[in-house]
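Below are the chains, spelled out letter by letter.
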Amino acid sequence: MSTATQLLPAAPCLRIPDGEPPFLEGQCCGACGSLYLTSRMACSRCGKRDDFHAQRLASEGTLYSYAIVHRSFPGVETPFISAIVDLADGAVLKGNLRGIPADPNQIRLGMAVKVVIDDALGRRDKEGNAYLAYFFEPLEESAA
Amino acid sequence: MSDDVYIIGVDMLKFGRFPDRTVPQLGAQAALMALDDAGLEIHAMEALYCGNLYQANAMVGQRILQEIGQTGIPVVNCANACATGATAFREAWMAVKAGACDLALAVGVEQMGKGLLGGGGAGTGIPKEGLFGGSTMPTVFAEAGMEHAHRYGTTFEQFAKVSVKNHHHSTLNPKAAYQMETPLEMVMNAEMISYPNTKLMCSVNVDGAAAAVLASGKKVRELGLGKRAVKVRASALTSDPWQARDLVMPDVNSCTRLAAEKAFNMAGIGAEDLDLVELHDCFATAELLHYENLGLCADGEAGRLIDEGETALGGRIPVNVSGGLLSKGHPLGATGIANIYEVSTHLRGEAGRRQVIDARLGLTHVIGLGSACAIHILEKSDL
Ligand SMILES: [Zn+2]
């Protein structure tokens, strides 16, 4: 290899600290507590300026909505489940739901899911860098 | 108190594919049709508001005037996603309402590319489609529909019935791109694009143009055009107010609710007073959401409304008797004025086989993701 490649976050809220497991981090408004996935100049909800602090996002949540994508842009593998997940801390994420068949009869709205951070489906940028992404998987429900 | 504003000329091209025509040519054709409908020439117009999305930087309005008459009037070109045409109409309404002019022309026009809308924006790094869910329009609106399913148990079949209804309506509308019956099994068994939206539950990707001539009440009386004039009772435009899920779900609901509230207040009427509605059925899933957003029924009752045929022609509150975006077609910048053409045609009693009997009040609604919502309430002439 002539150039060293690195592991990069595929989403701005993904943190990859040295020697520690990667995690998701949001920006929390100090005035009203609203959570954002990227920084902004002022809070979209209350308008308070320059008052954000980083907050580690919850790693579990529930399935709020989804679509099963059968036709997408050229080169994108289908079907996949596009999922909207309400995290336990009030943040909302969109990502692929995996580990469950892409079948509406198997997917239950409101089901518990966990956030899994993993390789970004083998996608590489022009420099050959690999990326990490987040996914959702059904949370094993404890035996009742 | 400012004078009322009326539509005195309005028309649209039959939507379809016009690969050998330019955007200004299509817009100019619709403009001439609307002028003819009013019996006026371009030289009478005091301002032009032109809505077009894909050539937003190409001075389409001025190029329309190059086709039909360069009179030196102010021209404003506007883009506002799928609310583009309605935004141009509203700007013309504001100019007349403000007393800045007595006659204004609004044109909405679009030539569409092929394939799926949405997504894009790869930017730096790696492509994100299919990595963090899907960003195509059918997917975004599938998710909006499944949100409704989560809250109220709405079914795939209920969403599909919207397409059956609107395709049926389009068989009565010679200006619709398609006039084709699509039975429920055909809709549900069509190619699945993004569950629960099949191909027949996605709006038709076509070119088109529509235009309207707006006039002050004083001018309508002066010209003796009161009989066919349509009164603009309300015009409302909103952007999306903050919602917790904005980060990942384009919000089509709260901006519609906000616009509906403003429009009903301005008109001094309620949803129960409406005789027909043309709403933004860009996907079958969207139509059911807007029944509730516009107050046509209580929250959670949209599924029942479609099941019981209340929104079909002949029902309690007919919705999208033109065939809607699903079958009439959805040339983005033209859609907002085409909806106004449809409602106006019913209020004039000129809608032929699809006429909503004794229609007196109608509402048009469009929504552009990002988001922009425009609502107009129109009334049969009182002059
Ligand atoms: Zn805040």
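Residues numbered from 1 in each chain as written. Chains lettered and ligands numbered in written order. Predicted model: local features only at pLDDT ≥ 70, side-chain atom pairs only at ≥ 80, totals over all residues. Heavy atoms only, no water.

**Let's talk about the overall build of chain B**
Stated formally: Think of it this way: any DSSP run of H or I at least four residues long counts as a helix, any run of E at least two long counts as a strand, and we number them from the N terminus. All radius of gyration figures rest on C-alpha atoms, and the globule criterion is 2.2 Å times the number of residues raised to 0.38. Throughout, exposure labels follow a simple rule: accessible area from a 1.4 Å probe, protein chains only, divided by the maximum for the residue type, with under 20% read as buried, over 50% as exposed, and the rest as partly exposed. Throughout, a residue-residue contact means that at least one pair of heavy atoms, one from each residue, lies within 4.5 Å.
Along chain B, the regular secondary structure elements total twelve helices and eleven strands. Against the 2.2 N^0.38 benchmark of 21 Å for 383 residues, chain B shows a C-alpha radius of gyration of 20 Å, consistent with a compact globule. In terms of overall dimensions, chain B has C-alpha extents of about 55 × 50 × 40 Å along its principal axes. Residues counted as buried form 62% of the 383 residues belonging to chain B. Across chain B, the fraction of contacts at a sequence separation of at least 24, relative to all contacts at a separation of at least 6, is 77%.

**As for the overall build of chain A**
The test is simple: Note that accessible areas follow from Shrake-Rupley with a 1.4 Å probe, and for residues the cover is restricted to the protein chains shown. For the purpose of counting charges, residues Lys and Arg are taken to be positive, whereas Asp and Glu are taken to be negative. His and the chain ends are not included. A single reference atom marks each charge: NZ on Lys, CZ on Arg, CG on Asp, CD on Glu.
Helices and strands together make up the secondary structure of chain A, namely zero helices and ten strands. Reading chain A from its N end, one meets helices and strands in the order β-β-β-β-β-β-β-β-β-β. Each of the three principal axes of chain A carries a C-alpha extent, and together these read 55 × 45 × 35 Å. Counting the 144 residues in chain A, one finds 44% classified as buried. Once local pairs closer than 6 in sequence are excluded, the contacts in chain A between residues at least 24 apart make up 48%. Accessible area for chain A stands at about 7,700 Å²; split by element, carbon and sulfur atoms hold 48% of it. Between the mean site of the 14 positive side-chain charges and the mean site of the 17 negative ones, chain A shows a separation of 7 Å.

**Comments concerning the interface of chain A and chain B**
Stated precisely, the cut-off is as follows: Accessible area, probed at 1.4 Å, shrinks when two parts are joined; the buried area is that loss added up over both. A pair is scored as a salt bridge if a Lys or Arg side-chain nitrogen falls within 4 Å of a carboxyl oxygen belonging to Asp or Glu. Each polar contact in these results corresponds to two N or O atoms within 3.5 Å; when the atoms are within protein, one needs to be able to donate a hydrogen and the other to accept it, and residues that are neighboring in sequence are counted only if both atoms are side-chain atoms.
Each partner contributes residues to the interface: chain A has 43 residues there, and chain B has 37 residues. Here chain A and chain B share an interface that buries about 3,400 Å² over both sides, 64% of which is from carbon and sulfur atoms. Sorting the residues of chain A by area buried against chain B places A:Tyr64, A:Arg71 and A:Phe73 first, and these three jointly supply 23% of that buried surface. Our enumeration of links across chain A and chain B arrives at three salt bridges. Between B:Glu143 and A:Lys94 there is a salt bridge whose closest N-O contact spans 2.7 Å. Where chain A touches chain B, the interface holds 20 residue pairs in polar contact (both at pLDDT 80 or more). The set of elements that each furnish at least two residues to the side of chain A that touches chain B consists of strand S4 (35-36), strand S6 (60-69), strand S7 (80-87), strand S8 (92-97), strand S9 (112-124) and strand S10 (130-138) of chain A.

**Thoughts on the nonpolar core**
The test is simple: What we call a nonpolar core is a set of buried Ala, Val, Leu, Ile, Met, Phe, Trp, Tyr and Cys residues that are connected through their side-chain atoms within 4.5 Å.
In terms of nonpolar packing, the biggest core is built from 98 residues, with A:Tyr134, B:Tyr291 and B:Leu296 touching the most fellow members. Setting aside residues no more than four positions away along its own chain, B:Tyr291 makes contact with B:Lys165, B:Leu279, B:Leu296, B:Cys297, B:Ala302, B:Leu305, B:Ile306, B:Thr311 and B:Val319. B:Val5, B:Phe89, B:Cys101 and B:Leu214 belong to the second-largest nonpolar core, a separate cluster that totals 37 residues.

**Side note on the confidence of the model for chain B**
This is how it is decided: The predictor reports its confidence for every residue as pLDDT, a score running from 0 up to 100.
In this model, chain B carries an average pLDDT of 96, and 97% of its residues clear a pLDDT of 70 or more. Confidence metrics for the complex model read pTM 0.94 and ipTM 0.90.

**Examining the packing of aromatic side chains**
The test is simple: Pairing of aromatic side chains here covers Phe, Tyr and the six-membered ring of Trp, requires ring centres within 6.5 Å, and sorts the geometry by plane angle: under 30 degrees stacked, over 60 edge-to-face, intermediate tilted.
Scanning the entire structure with this criterion turns up six aromatic pairs over all chains. When the ring of A:Tyr134 is compared with that of A:Phe136, the centres are 6.3 Å apart and the planes differ by 55 degrees; the resulting orientation is tilted. There is no split in this pair, since A:Tyr134 and A:Phe136 are both buried. For the ring pair A:Tyr134 and B:Phe132, a centre distance of 4.6 Å and an interplane angle of 40 degrees mean the geometry is tilted. Remark: B:Phe132 occurs in the loop between strand S4 (103-110) and helix H4 (137-152) and A:Tyr134 occurs in strand S10; the pair is interchain, linking two chains.

**What to know about the pairing of S6(A)**
Note the cut-off: Two strands make a pair as long as DSSP finds a minimum of two bridges between them.
Burial of S6(A) is extensive: eight of the ten residues sit out of reach of the surface. Relative to S7(A), S6(A) runs antiparallel, the two sharing eight bridges. From the neighbouring strand, A:Ser65 faces S7(A), where its bridge partner is A:Ile84. One ladder, built from two bridges, connects S6(A) with strand S5 (residues 192-195) of chain B; its direction is antiparallel.

**Details of the coordination of the zinc ion**
Residue and element names in this part refer to chain A. Worth spelling out the cut-off: Donor atoms are limited to N, O and S found within 2.8 Å of the metal ion, a distance that becomes 3.2 Å for Na, K and Ca. With water left out, some sites might look partial. Between 85 and 135 degrees for all angles marks four donors as tetrahedral; over 155 degrees for opposite donors together with 65 to 115 for all other angles marks four donors as square planar and six as octahedral; every other arrangement is irregular.
Around the zinc ion, the donor atoms from the protein are Cys29 (SG), Cys32 (SG), Cys43 (SG) and Cys46 (SG), and they sit 2.3 Å away. Metal-centred angles of 105 to 114 degrees between the four donor atoms at the zinc ion mark the site as tetrahedral. In the primary sequence, the donor residues of the zinc ion line up as C-x2-C-x10-C-x2-C. Taken together, the positions of Cys29 in strand S3 (residues 23-29) and Cys46 in the loop between S4 and strand S5 (52-56) put the pair 17 residues apart, joining distant regions of the chain.

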